[in-house]
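Each chain is listed here by its residues.
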Amino acid sequence: MDGDGGRLDRPKARRRSPLPRWDPEAFGKASERIARFLGTGRFIAWMTAIVALWLLWNILAPPRLRFDPFPFIFLTLMLSLQASYSAPLILLAQYRQADRDRVNLEQDRKQNERSIADTEFLTREIAALRTGLGEVATRDWLRDQLADLRQGPDGGRSAPRPGGHGEPRLSEERDH
């Protein structure tokens with residue numbers, strides 16, 4: 001066998017193509033810049049000025065200096081050429097934008113799913129805390145219980161304890 005041509009354990013050498021190599025990303029970015037320019041008022045103003053100058057020159061210039069007489073066939077050809085290039089460039093730019101939009105939409109969807117999961121988790125945690133708080137004696141509940149005990153079974157008409165100066169007062173400062 002000649003060289004590595006028959007060997008299966010090694011990749012074949014790349015063939016050189018006679019065609020120029022294009023970077024698809026660079027070409028896509030250039031097409032987007034062109035498409036962005038084609039959609040501006042500046043482009044329309046420039047195109048209108050060029051067409052107006054073209055028509056004025058070929059109508060008002062001396063006959064020997066006119067390069068596109070009345071039916072303006074060359075102008076029609078140039079406008080058709082411009083349109084035939086701009087349409088695919090605009091489509092390419094739209095496809096690239098649609099791909100970016102699709103990726104952004106997918107990222108937004110995943111972020112929304114994470115947010116919903118986090119919200120549901122926090123909701124469950126808050127519910128668990130509320131349930132737990134229902135079983136804990138709060139300061140207000142303790143005050144109510146102490147007030148009920150102070151009043152006693154006869155509604156607060158009980159006599160002072162022997163040897164005491166009445167029931168001890170609970171100060172508000174101790175609770176804070």
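To start, this report covers the structure provided alongside it. (Residues numbered from 1 in each chain as written. Predicted model: local features only at pLDDT ≥ 70, side-chain atom pairs only at ≥ 80, totals over all residues. Heavy atoms only, no water.)

### Quick notes on the overall build of the protein
Looking only at helices and strands, the protein has four helices and zero strands in total. Listing every helix and strand of the protein by position from the N terminus yields α-α-α-α. Looking at the protein as a whole, 9% of its 176 residues qualify as buried. Counting contacts in the protein only where the partners sit at least 6 residues apart, residues at least 24 apart contribute 56% of the total. (Helix = DSSP H or I, 4+ residues; strand = E, 2+ residues; numbered from the N terminus. Buried < 20%, exposed > 50% of the residue type's maximum accessible area, 1.4 Å probe, protein only. Contact = heavy atoms within 4.5 Å.)

### Observations concerning unusual backbone geometry
For phenylalanine 72, which is not glycine, the phi torsion reads 50 degrees and is therefore positive. In this structure, phenylalanine 72 sits in the loop between helix H2 (41-60) and helix H3 (73-134).

### Topic: helix H1 (residues 24-38)
In a regular helix each residue adds 1.5 Å, so 15 residues correspond to 21 Å; H1 covers 21 Å between its end C-alpha atoms and thus fits that length. Those residues of H1 lying buried are Gly28, Ser31, Glu32, Ala35 and Leu38. One side of H1 holds all its buried residues, which, seen down the axis, span an arc of 125 degrees. Seen from the buried face of H1, the exposed residues on the opposite side, beyond 90 degrees, are Arg33 and Arg36. (Expected span 1.5 Å × (residues − 1). Arc of directions from axis to C-beta.)

### Looking at a nonpolar patch on the surface
Together, Trp57, Leu65, Phe67, Phe74, Leu77, Met78, Leu81 and Tyr85 line one region of the surface with nonpolar side chains, adding up to about 810 Å² of accessible area. Counting residues per element, the nonpolar patch draws most heavily on H3, which supplies five residues. Positionally, methionine 78 belongs in helix H3. (Patch = residues over 30% accessible without salt bridge, like charges linked within 9 Å, V, L, I, M, F, W, Y side chains within 5 Å. Areas by Shrake-Rupley, 256 points an atom, 1.4 Å probe, with all protein chains shown as cover. Salt bridge = Lys/Arg side-chain N within 4 Å of Asp/Glu carboxyl O.)

### Looking at the packing of H2 against H3
Where H2 meets H3, the axes come as close as 11 Å, and the angle between the chain directions of the two elements is 160 degrees. By the angle class used here, H2 and H3 are roughly antiparallel. The hand of the H2/H3 crossing is right-handed. Of the residues in H3, those in contact with Phe43, Met47, Val51, Trp54 and Leu55 of H2 are Phe74, Leu75, Met78, Leu79 and Gln82. (Axes fitted to C-alpha atoms, helices over the stretch in contact; angles between N-to-C directions. Parallel < 35°, antiparallel > 145°, perpendicular 65-115°, else oblique. Left-handed = near helix turned anticlockwise from the far one by under 90°.)

### What to know about the packing of aromatic side chains
One pass over the structure, following the stated rule, counts five aromatic pairs. Where tryptophan 54 meets phenylalanine 74, the ring centres are 5.4 Å apart and the plane angle is 35 degrees; that geometry is what we call tilted. Of this pair, tryptophan 54 sits in helix H2 while phenylalanine 74 is found in helix H3, placing the two residues 20 residues apart along the sequence. Take tryptophan 54: its relative accessible area is 14%, and that puts it in the buried class. The class for phenylalanine 74 is partly exposed, based on a relative accessible area of 36%. Linked through ring pairs, Trp54, Phe67 and Phe74 together constitute an aromatic cluster. (Phe/Tyr/Trp six-rings, centres within 6.5 Å; stacked < 30°, edge-to-face > 60°.)

### Quick look at the packing of H1 against H3
It is at 8 Å that the axes of H1 and H3 come closest, and there the two elements cross at 110 degrees. Comparing their axes, H3 and H1 come out roughly perpendicular. The two elements H1 and H3 cross, and the hand of that crossing is left-handed. Of the residues in H3, those in contact with Pro24, Glu25, Phe27, Gly28, Lys29, Ser31, Glu32, Ile34, Ala35 and Leu38 of H1 are Gln82, Ser86, Leu89, Ile90, Leu92, Ala93, Arg96, Gln97 and Arg100. Across the contact of H1 with H3, the residue classes tally to nine nonpolar, five polar and five charged. (Nonpolar A, V, L, I, M, F, W, Y, C, P; charged D, E, K, R; others polar.)

### Observations regarding the pattern of salt bridges
Tallying each qualifying case throughout the model produces eight salt bridges. The residue aspartate 9 makes a salt bridge to arginine 7 at a minimum N-O spacing of 2.6 Å. The exposure class of aspartate 9 is exposed, given its relative accessible area of 53%. Given the relative accessible area of 37%, arginine 7 is considered partly exposed.

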